[in-house]
Structures are given as C-alpha cells and as structure tokens.
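Spelled out from the first residue to the last, the chains are:
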Amino acid sequence: GNNKPIQAPKESKKGGHWMRTICYSVGLFLVIFLIAGPEVSYAEYVNPNPSEACSFMDEMGLKTDGYKNLGDDLGYICVSPYKELGTGFMKNNIMYMAEGNAKKITKLELYSNVNVKKEAKQAHIELMNSAEALLNKALNAALPQKTKDAILAGRNGKWKIGNANIRITREDWS
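What you are looking at is a predicted structure, and each value in this text was computed from that prediction instead of being measured.

Cut-offs used in this document
- Residues numbered from 1 in each chain as written.
- Predicted model: local features only at pLDDT ≥ 70, side-chain atom pairs only at ≥ 80, totals over all residues.
- Heavy atoms only, no water.
- Helix = DSSP H or I, 4+ residues; strand = E, 2+ residues; numbered from the N terminus.
- Phe/Tyr/Trp six-rings, centres within 6.5 Å; stacked < 30°, edge-to-face > 60°.
- Buried < 20%, exposed > 50% of the residue type's maximum accessible area, 1.4 Å probe, protein only.
- Disulfide = S-S within 2.5 Å.
- Polar contact = N/O pair within 3.5 Å; in protein donor to acceptor, adjacent residues only side chain to side chain.
- Contact = heavy atoms within 4.5 Å.
- Axes fitted to C-alpha atoms, helices over the stretch in contact; angles between N-to-C directions.
- Parallel < 35°, antiparallel > 145°, perpendicular 65-115°, else oblique.
- Left-handed = near helix turned anticlockwise from the far one by under 90°.
- Nonpolar A, V, L, I, M, F, W, Y, C, P; charged D, E, K, R; others polar.
- Core = buried A, V, L, I, M, F, W, Y, C linked by side-chain atoms within 4.5 Å.

K.L.:
How would you explain unusual backbone geometry if you had to name every residue and give the values?
P.N.:
In this model, aspartate 72 sits at a positive phi of 50°, which is unusual for a non-glycine residue. Tracing the backbone shows aspartate 72 in the loop between β4 (68–69) and β5 (76–79). The backbone phi angle of asparagine 140 is positive, close to 50°, even though this residue is not glycine. Considering the arrangement of structural elements, one finds asparagine 140 in the loop between α2 (120–139) and α3 (145–153).

And the structure:
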C-alpha cells in the first residue's frame, strides 16, 4: 500500500527541541445500500422510517442530529459527530450517516479513520461492533464472518445480504 506517514511537528518541553509525531491516515468505510425497485421488495429493511434509521447507532455513541433536507434536490441525510477512539494528537474516530429521500433511507454508512497506526486494531474492532449493531437493526441480519474478517484486517470487500449490498472500502491518504 501507499502508507506514507504524515508528520506533524510537536514541540517538546525538553530543551526546546522539536520532536515529530508520525500518524498514518487510513479510512475504512462500511456502506450498506438498501436496494428498492419494482422487482425488489423494500420490506426486508426492518425500519424504513428515516427517523428510526437515524437513531440506529445511538446506543453505540453515534447519535445523529436528525434527518435533514440538504436542499437543491440533493436528498436527505443524518450524520453523527465523530466519536474519538484511543489516544494521540489525531485520535482514531468513527461516525455514522444515513442518506435517502423524504420517505426512505437508501444508504447507511459507517466511517472509521485510523490516524494512530498502533491503535488501528481498536478502531477496527469498534467499526466491526458498530457494523454488527447496524446490520442487526437495519436488516435483522448478522454480520457475515467474511465481512468481520475484512473489517478487522482493514481490507476492501463486497457482500450481499438479502436485498442489501454491503461494501467495505479502505482509502489510504497522506
């Protein structure tokens, strides 16, 4: 991969020397696409009500600010603030988002940013636990073992559960 370190200068208290803190920035995104069309029943989605979907992750500490119209035909969205994980200057974090139209949610997303490489495992476990909770609430389904393995390893992957497509995308940036 292209894991180039991001170097952020940080002044040391000892002798005025500069020390450098190295952070790696890696994003893992879990996206659940809820497919609805003439040939597919939307009934498999357990809670089609947008306000309910926006509260799916409340128990995981990812409470959204409610379902809002973005205007200009951009659709509707609810987003949680980032929940910080671990320690460090730029902490690892996770957030939840649901997108759709006025009547239904079409996409559920979890974002995890790994900024402190030595604490990546903790961030991946938090994402996996959040993904399990989200899938259970949205689809009344368990997270497949292959999906768990991909999240814990920080790998890309695609799966289908019922009428939902699940995708994990890793992006490395510097």
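K.L.:
Account for the packing of aromatic side chains, with residues named and values stated.
P.N.:
Inspection of the entire model under this criterion finds one aromatic pair. Ring geometry for tyrosine 67 and tyrosine 76: centres 5.4 Å apart, planes at 25°, overall stacked. Of the residues examined, tyrosine 76 reaches a relative accessible area of 24% and is grouped as partly exposed.

K.L.:
Quick one: what's the story with the environment of isoleucine 125, residue by residue and with numbers?
P.N.:
Inspection of the secondary structure assignment puts isoleucine 125 in helix α2. Given the relative accessible area of 33%, isoleucine 125 is considered partly exposed. Each C-alpha atom of the pair isoleucine 125 and lysine 148 lies 9.0 Å from the other, and the pair is 23 residues apart in sequence.

K.L.:
Any chance you could break down the state of the cysteines for me, citing the residues and the numbers?
P.N.:
By the definition in use, this model includes one disulfide. Cysteine 54 shares a disulfide with cysteine 78; S-S distance 2.1 Å. Residues cysteine 54 and cysteine 78 share a disulfide whose torsion about the S-S bond is about -100°; that sign makes it left-handed. With cysteine 54 in helix α1 (residues 50–54) and cysteine 78 in strand β5, this residue pair connects regions lying 24 residues apart in the sequence. Take cysteine 54: its relative accessible area is 3%, and that puts it in the buried class.

K.L.:
I'd like a rundown of the side chain of threonine 64, residues and numbers included.
P.N.:
Its location among the elements puts threonine 64 in the loop between α1 and β4. Here the side chain of threonine 64 touches cysteine 54 through a polar contact of 3.2 Å, landing on its backbone oxygen. For threonine 64, the contacting residues outside a window of four places in its chain are Cys54, Asp58, Cys78, Val79, Ser80 and Tyr96.

K.L.:
Report on the packing of α2 against α3, specifying residues and quantitative values.
P.N.:
Where α2 contacts α3, the axes come no closer than 8 Å and their chain directions differ by 150°. Taken together, the axes of α2 and α3 are roughly antiparallel relative to one another. Note on packing geometry: the crossing formed by α2 with α3 is right-handed. Facing α2, whose interface residues are His124, Ile125, Leu127, Met128, Ala131 and Glu132, α3 presents Lys148, Ile151 and Leu152. Along the lines of polarity and charge, the residues of the contact of α2 with α3 split into six nonpolar, one polar and two charged.

K.L.:
Can you break down the nonpolar core residue by residue, with the values?
P.N.:
Counting 33 residues, the largest nonpolar core has Phe56, Met57, Tyr96, Leu108, Leu110, Leu134 and Ile151 as its most contacted members. Looking at this core, the elements that each hand over two or more residues are α1, β7 (92–100), β8 (105–114), α2, α3, β9 (157–161) and β10 (164–173). Broken down by element, this core gets its largest block of residues, 10 residues, from α2.

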